[in-house]
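# Structure assessment
Residues per chain are reported as follows:
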Amino acid sequence: MQQTGAGAGGTDRPDLLAKPNISTNRTVREDYFGLGAANSSWFQIPINIPGGTGPNHGRFGTLGRGTFRAPGFRDFDLALIKDTAFGRRGNGELAILQIRAEFFNIFNEVNFGLPSNIVRGSGFGVISKTTGPSRQIQFSLKLNY
């Protein structure tokens, strides 16, 4: 919600009332702040304040930029490559056959996306999607001649 009328798209910040325990290690892993539907109780939007400005008579909140961090991102990729020369052409090889096996996110780690960040919106503080790829494996042959 736009408190002050400064900025665009409701980008003013709220006040932080108490420091939440941020984690994705709960029973409900998607609940980043840990209070479910009451996640917004950690924050207060400063509107209808005497001397406030903008359409909602508000002020800038005290929550700093970059106060919270998103869940960690883990991804381990691996490539195995083998070059095999065969045939002769003068003093060099006729061709090289390259065999490749590439593994992306080899341990298949689930990486959570960003939690919903609209304080008065439904699902605030809840992560509703994952980010990054699932495990992918590809094999290939390449002939260099």
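Preceding this paragraph is the structure being described.
Residues numbered from 1 in each chain as written. Predicted model: local features only at pLDDT ≥ 70, side-chain atom pairs only at ≥ 80, totals over all residues. Heavy atoms only, no water.

Moving on, we come to the overall build of the chain. Within the chain, the secondary structure is distributed over zero helices and five strands. Along the chain direction, N to C, the helices and strands of the chain fall in the order β-β-β-β-β. The C-alpha radius of gyration computed for the chain amounts to 26 Å, which surpasses the reference 15 Å derived for 145 residues by more than 25%, pointing to a less compact arrangement than a globule. Judged by the C-alpha coordinates and their principal axes, the chain covers about 90 × 35 × 20 Å. When each of the 145 residues of the chain is scored for burial, the buried share is 26%. In the chain, 61% of the contacts between residues at least 6 apart in sequence involve partners at least 24 apart. When the accessible surface of the chain is summed, it comes to about 9,900 Å², and 54% of that surface belongs to carbon and sulfur atoms. Positive and negative charge centroids in the chain, built from 16 and 10 side chains respectively, lie 2 Å apart. (Helix = DSSP H or I, 4+ residues; strand = E, 2+ residues; numbered from the N terminus. Rg over C-alpha atoms; globule rule 2.2 N^0.38 Å. Buried < 20%, exposed > 50% of the residue type's maximum accessible area, 1.4 Å probe, protein only. Contact = heavy atoms within 4.5 Å. Areas by Shrake-Rupley, 256 points an atom, 1.4 Å probe, with all protein chains shown as cover. Lys, Arg positive; Asp, Glu negative; His and termini not counted. Charge placed at Lys NZ, Arg CZ, Asp CG, Glu CD.)

This part takes up a nonpolar patch on the surface. Taken together, the side chains of Phe76, Leu78, Leu80 and Phe107 define a hydrophobic patch exposed on the protein surface, amounting to about 400 Å² of accessible area. Considering the arrangement of structural elements, one finds Phe76 in the loop between strand 2 (43-44) and strand 3 (78-89). Using a relative accessible area of 42% as the deciding quantity, one classes Phe76 as partly exposed. (Patch = residues over 30% accessible without salt bridge, like charges linked within 9 Å, V, L, I, M, F, W, Y side chains within 5 Å. Salt bridge = Lys/Arg side-chain N within 4 Å of Asp/Glu carboxyl O.)

Let's shift gears to the packing of aromatic side chains. Here the structure, examined in full by the defined rule, presents six aromatic pairs. With centroids separated by 5.5 Å and ring planes inclined at 90°, the aromatic side chains of Phe43 and Phe124 adopt a geometry described as edge-to-face. Taken together, the positions of Phe43 in strand 2 and Phe124 in the loop between strand 4 (92-104) and strand 5 (136-144) put the pair 81 residues apart, joining distant regions of the chain. Note on Phe43: relative accessible area 7%, which makes it buried. Here a set of aromatic residues connected by ring pairs shows up, and it is made of Tyr32, Phe33, Phe43 and Phe124. (Phe/Tyr/Trp six-rings, centres within 6.5 Å; stacked < 30°, edge-to-face > 60°.)

Time to look at the nonpolar core. Residues Phe33, Trp42, Phe43, Ile45, Ile47, Leu63, Val119 and Phe124 constitute the largest nonpolar core, which totals eight residues. The residues contacting Leu63, other than those within four sequence positions of it, are Arg13, Pro14, Asp15, Leu16, Phe43 and Phe68. (Core = buried A, V, L, I, M, F, W, Y, C linked by side-chain atoms within 4.5 Å.)

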